[in-house]
Amino acid sequence: MGHSVKAECLKCGEAFTTDHGGGFRFHLLRCDKCGVTKSISFDEIPDLHKRYLKGLSEPYCIATSKHDKRVQENEDIKPISENEYHKEIVNLAGNCKCGGKFNFKALPRCPKCRSKDIREGETTVCYD
């Protein structure tokens, strides 16, 4: 489950919220240059996501456990590892308009000055 948090830029003083993590049905990637986020819905990558599920030893999450178990037990597909899966999603996400690359590990940045020097505070929203 993902969440949004209040944040403050320690360089320019901008107050903003930033998101962390995807949900039960999507991944959230962040640009490594400007910090903009991009979501990739599992509906956009159905075959790829099923191959990932097939390789797991347990459900991806509780909310989708029945579906995940059906895929693991009944789909005749070649499983892929989490590393392969993430690599494919990053390739699908492509490049950001700023020239950066979307990935799972990029740090949040200030939307005003793009600094990574931020202080995060309380969680404002949890989402799936």
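Just above, that's the structure.
Computed from a predicted model, the values in this text were never measured in an experiment. (Residues numbered from 1 in each chain as written. Predicted model: local features only at pLDDT ≥ 70, side-chain atom pairs only at ≥ 80, totals over all residues. Heavy atoms only, no water.)

Asker: Before we go on, may I ask you to explain the side chain of R109 in this structure?
Answerer: With respect to the helices and strands, R109 occurs in the loop between β5 (102-103) and β6 (118-127). Here K33 takes part through its backbone oxygen, which lies 3.2 Å from a polar atom of the side chain of R109. Polar contacts involving the side chain of R109 include one to the main-chain carbonyl oxygen of R114, which spans 2.9 Å. Among residues more than four places away in sequence, those in contact with R109 are F16, D32, K33, C34, G35, R114, S115 and K116. (Helix = DSSP H or I, 4+ residues; strand = E, 2+ residues; numbered from the N terminus. Polar contact = N/O pair within 3.5 Å; in protein donor to acceptor, adjacent residues only side chain to side chain. Contact = heavy atoms within 4.5 Å.)

Asker: Please explain the pairing of strand β3 (residues 26-31) as it appears in this structure.
Answerer: The side chains of a regular strand alternate, first on one face of the sheet and then on the other. Counting buried positions along β3 gives 6 out of 6 residues, so the element sits mostly inside the fold. With burial as the criterion, each face of β3 is covered, one bearing F26, L28 and R30 and the other bearing H27, L29 and C31. Looking at chain direction, β3 and strand β4 (residues 37-41) are connected through 5 bridges and run antiparallel. Note on β4: the bridge partner recorded for L28 is S39. (Buried < 20%, exposed > 50% of the residue type's maximum accessible area, 1.4 Å probe, protein only. Pairing = 2+ DSSP bridges.)

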